[in-house]
Amino acid sequence: MVAQQAPPPRVLVTGSLGQLGSTVVNTLRAKFGQDNVIASDIKKPTVQQRSTGPFVYADVLNYRALDQIVVDYGIDWVVHFSAILSAAGERNPALGLNVNINGFQNVLELAKAHRLRLLSPSTMGAFGPTTPKDETPDLTIMRPNTIYGISKVHMELLGEYYCEKYGVDFRSLRYPGIISADSPPGGGTTDYAVDIFHAALKSNRYTSFLSSDMRLPMAYIDDCITGTVQLLEAPQESLTQRVYNVHACAFSPRELAQEICRQHSPDFAIDYSPDFREDIASTWPRTMADTAARRDWGWNPVFGTSDIVREMLSKLTPVYK
Ligand code: AKB
């Protein structure tokens, strides 16, 4: 008798029009089939975004509407990207709390009700000023002082609680800053590390809102997507914990600018005008220890700082020609 292959999972991606969502959707569609990955957001997709597979309106604050999508589309897994990032959360704390806390609780309740696998990313922003800054371990002091950080600690703890208490297959990874040429970042403290490339190609100068030596963990989008999909697909038995640090490289605005000078133009000029985001960044790690992610599900980033600069320049140069 020939063994029957398990059908591919049907996956719902919330916040799919954000910085990471569209790339994850495309990667999952290539793996599981176009119609098995349902993209969703509250924004209107472009014609191109609509053309690659199913897209639905989904407000994560509306439990019944989400419930209906899960039932109508026979969803098995949810990748929950809808979130208000660190700088946007400080600008609008009420919105940050609502989306990050109530939105997550809705998705978690759905996962419990329908036995879904739920991957909801966390962030280095879940750490705070009293956390050890170098080689920050998975398990350490977590007293963040931003709405974003507080809501992500809430998410991590509640996800672990539902996993322990109700068997919800909750998974999370703490992202560093993510660098991508495809879609713009939306309201983070690490956005400077994307903005700088656009400015370099447009005007060959950039004013950084973080100070010259503010070193932070970063990762290139390709590593981030590979890692996210690896954790999503990892067998339950391989997971020894539910929340994992992931680290790829670390640089400061000055170090990034030096590499841009080297690869793009020696005349590239940077100056510094730190704003409120400097206070946020100053509470985050400089490097994170990620041995558990490497051991349990194969996290293995390949892009370092100079690779990221090379990729960003080669992708964005044609846009500004
Ligand atoms: C932000 O800067 O808020 C995000 C993050 C580190 O989670 N990029």
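Quick caveat, the model's predicted, so the values are computed rather than measured.

## Re the overall build of the chain
And step 1. The helix and strand inventory of the chain stands at 12 helices and 13 strands.
And step 2. By the compact-globule yardstick of 20 Å for 321 residues, the chain fits well, its C-alpha radius of gyration being 19 Å.
And step 3. Along the longest, intermediate and shortest principal axes, the C-alpha atoms of the chain span 65 × 45 × 40 Å.
And step 4. A burial count over the chain gives 46% of its 321 residues as buried.
And step 5. Summarising the internal contacts of the chain: among those between residues at least 6 apart in sequence, 77% fall at separations of at least 24.

## A few points about the environment of serine 314
And step 1. Positionally, serine 314 belongs in helix H12 (residues 305-316).
And step 2. Sequence separation between serine 314 and proline 45 is 269 residues, and the spatial gap between their C-alpha atoms is 26 Å.

## Concerning unusual backbone geometry
And step 1. For arginine 115, which is not a glycine, the phi torsion comes out positive at approximately 55°.
And step 2. Here arginine 115 shows up in the loop between helix H5 (93-114) and strand S5 (117-119).
And step 3. Accessibility expressed as a C-beta count within 10 Å gives 11 for arginine 115, which makes it exposed.
And step 4. For glutamate 135, which is not glycine, the phi torsion reads 50° and is therefore positive.
And step 5. By the element assignment, glutamate 135 lies in the loop between strand S6 (122-123) and helix H6 (147-166).
And step 6. Given 14 C-beta atoms within 10 Å, glutamate 135 falls into the partly exposed group.

## Quick word on the UniProt feature "domain: NAD-dependent epimerase/dehydratase" (unreviewed entry) in the chain
And step 1. UniProt records the feature "domain: NAD-dependent epimerase/dehydratase" (unreviewed entry) at residues 11-246, using the numbering of this structure.
And step 2. Spanning residues 11-246, this segment combines 42% helix with 18% strand, and its end C-alpha atoms are found 23 Å apart.

## Here we look at the nonpolar core
And step 1. One finds Val13, Val78, Val79, Val107, Leu118 and Ile179 to be the most contacted residues of the largest nonpolar core, which totals 88 residues.
And step 2. Once you skip the residues sitting within four places of it in the chain, valine 78 turns out to touch Leu12, Thr14, Val107, Ala111, Leu116 and Leu118.

## Comments concerning the sheet that holds strand S12 (residues 249-251)
And step 1. One open sheet holds the three strands; their spatial order is S8-S10-S12, and the pairing between them is mixed. One side of each edge strand has no neighbouring strand; the edge strands of this open sheet are strand S8 (177-179) and S12. Strand-to-strand twist across the sheet, computed as the mean angle between neighbouring axes with direction ignored, equals 45°.
And step 2. Relative to strand S10 (residues 216-220), S8 is paired through three bridges, and the arrangement is parallel. Across the sheet, the residue bridging to glycine 177 is methionine 218, located in S10.

## Notes on the pairing of S10
The side chains of a regular strand alternate, first on one face of the sheet and then on the other.
And step 1. For S10, the tally of buried residues reaches five of five residues, placing the bulk of the element in the interior.
And step 2. The alternating pattern of S10 places Leu216, Met218 and Tyr220 on one face and Pro217 and Ala219 on the opposite face, and all of these are buried.
And step 3. Pairing analysis gives three bridges linking S10 to S12, with the strands arranged antiparallel. Considered in S12, the bridge of methionine 218 is made with cysteine 249.

## Re the environment of glutamate 160
And step 1. Relative to the helices and strands, glutamate 160 is located in helix H6.
And step 2. Residue classification places glutamate 160 among the partly exposed residues on the basis of 16 C-beta atoms within 10 Å.
And step 3. The sequence separation of glutamate 160 and arginine 254 amounts to 94 residues, and the corresponding C-alpha distance is 38 Å.

## Description of the packing of helix H9 (residues 253-263) against H12
And step 1. Where H9 contacts H12, the axes come no closer than 10 Å and their chain directions differ by 55°. Accordingly, the angle class assigned to the pair H9 and H12 is oblique. In this structure, the crossing between H9 and H12 has a hand that is right-handed. Within the contact between the two elements, H9 uses Glu255, Glu259, Ile260 and Gln263 and H12 uses Thr305, Ser306, Val309, Arg310 and Leu313.
And step 2. Of the residues assigned to the contact of H9 with H12, the class counts are three nonpolar, three polar and three charged.

## Some details on H12
Quick reminder: α-helices carry 3.6 residues per turn. Residues three or four places apart thus point the same way.
And step 1. When the terminal C-alpha atoms of H12 are compared, their 16 Å separation across 12 residues agrees well with the 16 Å that a helix rising 1.5 Å per residue should span.
And step 2. Inspection of H12 places Ile308, Val309 and Met312 among the buried residues, and these make up the whole buried set. Projected onto a plane normal to the axis of H12, the buried residues spread over an arc of 100° and lie on a single side.
And step 3. Its buried side turned inward, H12 meets S8, helix H7 (192-203), S10 and H9.

## Focus: the confidence of the model for the chain
And step 1. Scored by pLDDT, the chain comes out at a mean of 97, with 100% of its residues at no less than 70.
And step 2. The complex prediction reports pTM at 0.96, with the ipTM value standing at 0.98.

Rules and cut-offs
- Along each chain, numbering runs from 1 in the same order as the chain's sequence is written.
- Owing to the predicted nature of the model, reporting of local features is limited to residues with pLDDT of at least 70; listing and counting of side-chain atom pairs is limited to 80 or more, with chain, interface and lining totals taken over all residues.
- Secondary structure elements follow DSSP: runs of H or I no shorter than four residues count as helices, runs of E no shorter than two count as strands, and numbering proceeds from the N terminus.
- Note that the radius of gyration is over C-alpha atoms, with the globule rule given as 2.2 Å times the number of residues to the power 0.38.
- Here a residue counts as buried when 20 or more other C-beta atoms fall within 10 Å of its C-beta, as exposed when 12 or fewer do, and as partly exposed in between; the C-beta atoms come from the backbone.
- Throughout, a residue-residue contact means that the two C-beta atoms, derived from backbone geometry, are no farther apart than 7 Å.
- UniProt positions are given in the numbering used here, feature names are shortened, and annotations may be inferred rather than shown by experiment.
- Joining buried Ala, Val, Leu, Ile, Met, Phe, Trp, Tyr and Cys residues through C-beta atoms within 7 Å gives a set, and that set is a nonpolar core.
- Only strands that DSSP links by at least two bridges are regarded as paired with each other.
- Axis lines are fitted to C-alpha atoms, over the contacting stretch for helices. Their N-to-C directions set the angle, which ranges from 0 to 180 degrees.
- The scheme is simple: roughly parallel for angles under 35 degrees, roughly antiparallel for over 145, roughly perpendicular for 65 to 115, oblique for anything else.
- Left-handed describes a crossing in which the near helix is turned anticlockwise from the far one by less than a right angle; the clockwise case is right-handed.
- Three classes are used, and their members are as follows: Ala, Val, Leu, Ile, Met, Phe, Trp, Tyr, Cys and Pro are nonpolar, Asp, Glu, Lys and Arg are charged, and the others, Gly among them, are polar.
- A helix is expected to span 1.5 Å multiplied by its residue count minus one.
- Arc definition: it is the arc formed by the directions from the helix axis to the C-beta atoms.
- A score from 0 to 100, pLDDT tells how confident the predictor is in each residue.

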